[in-house]
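Examining the three-dimensional arrangement
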Amino acid sequence: MWYHKPAINEELLQSLPNLKVVASSGVGIDHLDLKLLSSYGVKVSNTPFIVSTDTADMGMALLLASSRRVVEGHEMAVSPDTECFPADWLGVEVSGATLGIVGMGTIGYKVAERAKAFEMKILYHNRNQRKKEEESAVGAVYCKKIDDLLQQSDFVLLAVNLTPQTHKLIGKRELELMKPTATLINISRGLVVDQDALVEALQNKVIKAAALDVTYPEPLPRDHPLLKLKNVIITPHIGSATKTTRWVMMEEMAESIEAGLAGLPVPREVL
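Keep in mind that this is a model prediction, so the values were computed, not measured. (Residues numbered from 1 in each chain as written. Predicted model: local features only at pLDDT ≥ 70, side-chain atom pairs only at ≥ 80, totals over all residues. Heavy atoms only, no water.)

**Things to note about the UniProt feature "domain: D-isomer specific 2-hydroxyacid dehydrogenase NAD-binding" (unreviewed entry) in the protein**
The feature "domain: D-isomer specific 2-hydroxyacid dehydrogenase NAD-binding" (unreviewed entry), as given by UniProt, occupies residues 60-239 in the numbering adopted here. Regarding residues 60-239, the helix share stands at 32% and the strand share at 16%, and the terminal C-alpha atoms are separated by 11 Å. (UniProt positions renumbered as here; feature names shortened; annotations may be inferred. Helix = DSSP H or I, 4+ residues; strand = E, 2+ residues; numbered from the N terminus.)

Take a look at the structure:
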């Protein structure tokens, strides 16, 4: 499966009686009904580890691009109407700012490692607190309550899996807890954010900006209000989109398929 296609439903499973394994690209498995697949004796694998480095890089790229208004700056620099660069055209300083990471798994932790190099103060919210030595290595402080993280952070970065518990985790209430100068960065799944509430928050300056590698749907309808806002950067779900990573993802998927067909343990099986 690539980009969640084809859709795996009961009709498809009934038409493929010899199906043994579904190899899905990337980390997320929210598009798969694991119970249904298991009932047909079909194993599932994904490619969770290879994507983490590139996705963390993408998170930092979005943070920097948004804070320094890189996209707006490029548009200004190449515009045929530009005669001079305004002296009061300013971005937001990253060094010394507070980054709140929601979801401190492999990707979230790699983001923290990068943020440390930018001398950022790092807060994180996770189902489970990381080991003290892991926290110390990146200078991260655990927030048991997400509200505490939202209220203190200059940048809030989402790196959680999409589950029933994280569906629309960031809604109107959570956005209103954030600083009016804060930026929301999403590298997880579009449905982790209540998109209508986000549009309203950006339009009414409840928060300063958003940088999104994921939306719902993907791509957005061409008349969607998010596409018209100057304080939003949207990229086409390219967190893992480098030549090396995509090649390795394909290799890992092929390994899982070969193992499943041979009746061997499936590498990276989702249990």
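**Describing the nonpolar core**
One finds L175, L184, L198 and L226 to be the most contacted residues of the largest nonpolar core, which totals 29 residues. Breaking this core down by element, the ones donating at least two residues are α7 (146-152), β6 (155-158), α9 (195-203) and β8 (209-212). A per-element tally of this core places α9 first, with five residues. If sequence neighbours within four positions are ignored, L226 has contacts with Q195, L198, V199, L202, L212, L220, V232 and I234. Counting residues in hydrophobic clusters, the runner-up holds 28 residues, among them L62, V94, A97 and V138. (Core = buried A, V, L, I, M, F, W, Y, C linked by side-chain atoms within 4.5 Å. Buried < 20%, exposed > 50% of the residue type's maximum accessible area, 1.4 Å probe, protein only. Contact = heavy atoms within 4.5 Å.)

**Observations concerning the sheet that holds strand β5 (residues 140-142)**
With respect to topology, seven strands assemble into an open sheet ordered β5-β4-β3-β6-β7-β8-β9, the strand pairing being parallel. Across the chains shown, the open sheet's two edge strands, defined by having one partner strand only, are β5 and β9 (232-234). Between one strand and the next, the sheet's axes are offset by a mean angle of 15°, whatever the strand orientation. Sheet strands touched by α9: β7 (183-186), β8 and β9. Its angle to β8, the strand with the most contacts, is close to 140°. (Pairing = 2+ DSSP bridges. Axes fitted to C-alpha atoms, helices over the stretch in contact; angles between N-to-C directions.)

**Let's talk about the environment of V70**
Inspection of the secondary structure puts V70 in helix α4 (residues 70-78). By relative accessible area, V70 is classed as partly exposed at 45%. Along the chain, V70 and I233 lie 163 residues apart, while their C-alpha atoms are 9.5 Å from each other. Sequence-distant contacts of V70, defined by excluding residues within four places in its chain, comprise L64 and A65.

**Considering the pairing of strand β3 (residues 98-102)**
The buried fraction of β3 is high, at five of five residues. Burial of β3 is two-sided: the residues T98, G100 and V102 facing one way and the residues L99 and I101 facing the other way are all buried. In this structure, β3 lies alongside strand β4 (residues 121-125), joined through five bridges in parallel fashion. When the sheet's bridge partners are listed, T98 is paired in β4 with K121. Following the chain from β3 across helix α5 (residues 106-117) to the adjacent parallel β4, one finds a crossover that is right-handed. (Right-handed = clockwise from strand over helix to strand, strands pointing away.)

**Observations concerning the UniProt feature "domain: D-isomer specific 2-hydroxyacid dehydrogenase catalytic" (unreviewed entry) in the protein**
The UniProt record annotates "domain: D-isomer specific 2-hydroxyacid dehydrogenase catalytic" (unreviewed entry) at residues 2-270. Helix makes up 36% of residues 2-270 and strand 13%, whereas the separation of the span's terminal C-alpha atoms amounts to 16 Å.

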